[in-house]
Amino acid sequence: MAKQEPVQVIAVTGGKGGVGKSNVSINAAVAMAKLGKRVVVLDADLGLANIDVLLGLRATRNLVDVLDGRCGLKDVMVEGPCGIKVIPASSGTPYMANLAEQEHAGIIHAFSSLADEMDVLIVDTAAGISRTVVSFVRACQEVLVVVCDEPTSITDAYALIKVINHDYNMNRFRILANMVRTKNEGMRLYQKLTSVTERFVDVALQYAGEIPFDDNVRRAVQKQKSVVDAYPNTKASIAYEQLAQQMIRWPLPTSPKGHLEFFVERLITGSVR
């Protein structure tokens, strides 16, 4: 039997809203697709979904239909730029933001049926440290925490890291500085966050780099496109390409972590070979 490669699963999160997290998810996905990866983006902001809107996609079904049993997960996927696939959630459906633990587990388990459809799954979480956010983050192998140059961004990122570390013993996080004016600003934000975590929590933070402030990102949003697709030669697009090249080199998981996670069956199968 041919060896099945594990799917790379990356949570993009940030604690605070407004740090550009969804833009990071979209542009990293498109940049990885340009490198030949089959990428799926899960909009895990279940109550205020926006990935399909940001890309100008017309989604006729979403995760509400899956949870209500009207269709399967594959039926709600829509194709975006460069062949990425998007699994849209619902916007303005309050109960979706407060799903029970079993319903979160159901969504995560449902992805096992799509394992052959993708190389990479990017999970774009909601803002904050709600049960929904934490549930999705802990089910991923990599956690990319997006920060920007605002005091609340650093404090909220720290709060998220602390909760996930304390409650679920996850101790490795990658940090991406977004909308920075200089390379030094990105490193300064990373050092500001590490100066707090080193004092109070037992975690390892790894710097994933920075995305420069670029007016073309706003222009791309207005066009409902990714900046990588709409303005491929600008500062932000080049930075996303560099980020994507780095992300595809991140080590793939070799065994399950012992709790609920995406594609756990494939990890179990791979670990016993």
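Analysis parameters
Residues numbered from 1 in each chain as written. Predicted model: local features only at pLDDT ≥ 70, side-chain atom pairs only at ≥ 80, totals over all residues. Heavy atoms only, no water. Buried < 20%, exposed > 50% of the residue type's maximum accessible area, 1.4 Å probe, protein only. Helix = DSSP H or I, 4+ residues; strand = E, 2+ residues; numbered from the N terminus. Phe/Tyr/Trp six-rings, centres within 6.5 Å; stacked < 30°, edge-to-face > 60°. Contact = heavy atoms within 4.5 Å. Axes fitted to C-alpha atoms, helices over the stretch in contact; angles between N-to-C directions. Parallel < 35°, antiparallel > 145°, perpendicular 65-115°, else oblique. Nonpolar A, V, L, I, M, F, W, Y, C, P; charged D, E, K, R; others polar. Core = buried A, V, L, I, M, F, W, Y, C linked by side-chain atoms within 4.5 Å.

Looking at an unreviewed UniProt entry, one finds the chain named MinD/ParA family protein, with Salinispirillum sp. LH 10-3-1 as its source organism.

A. A look at the pairing of strand 2 (residues 39-44). Most of strand 2 is tucked away, with six of its six residues classed as buried. Residues of strand 2 alternate between two faces, with Val39, Val41 and Asp43 on one and Val40, Leu42 and Ala44 on the opposite face, all of them buried.

B. Broad picture of the packing of aromatic side chains. Under the defined criterion, the tally for this structure stands at five aromatic pairs. An angle of 90° between the planes, with centres 5.3 Å apart, marks the rings of Phe111 and Phe262 as edge-to-face. Pair noted here: Phe111 is in the loop between helix 5 (101-110) and strand 5 (120-125) and Phe262 is in the loop between helix 11 (235-247) and helix 12 (264-271), with a separation of 151 residues, a long-range link. Classification of Phe262 as buried rests on a relative accessible area of 0%. Grouped by ring-pair contacts, the aromatic residues Phe111, Phe262 and Phe263 constitute a single cluster.

C. Focus on the environment of Val7. Tracing the backbone through its elements, the reader meets Val7 in the segment before strand 1 (8-13). Taking the C-alpha atoms as reference points, Val7 and Asp119, separated by 112 residues in sequence, lie 5.2 Å from one another. Once residues within four sequence positions are removed from consideration, Val7 is found in contact with Ala115, Met118, Asp119, Val120, Leu121, Gln141, Pro253 and Phe263.

D. Up close: the packing of helix 1 (residues 21-34) against helix 11. Closest axis-to-axis distance for the helix 1/helix 11 pair is 8 Å, and the angle between their directions is 70°. The angle between helix 1 and helix 11 falls in the class roughly perpendicular. Packed against helix 1, whose contacting residues are Asn23, Val24, Asn27, Ala28, Ala31 and Met32, the element helix 11 presents Tyr240, Glu241, Leu243, Ala244 and Met247 at the interface. Taken together, the residues that form the contact of helix 1 with helix 11 break down as eight nonpolar, two polar and one charged.

E. Geometry of the nonpolar core. Judged by nonpolar contacts, the single largest core of 56 residues is most densely connected at Leu42, Ile87, Phe111, Leu121 and Phe262. When residues in this core are grouped by element, the largest group, six residues, is from helix 7 (residues 151-168). Here Ile87 is in contact with Val40, Val41, Leu42, Asp43, Leu63, Leu73, Val76, Met77, Phe111 and Leu114, once residues within four sequence places are set aside. By size, the runner-up hydrophobic cluster in this structure holds 40 residues, among which are Val24, Met32, Val39 and Val227.

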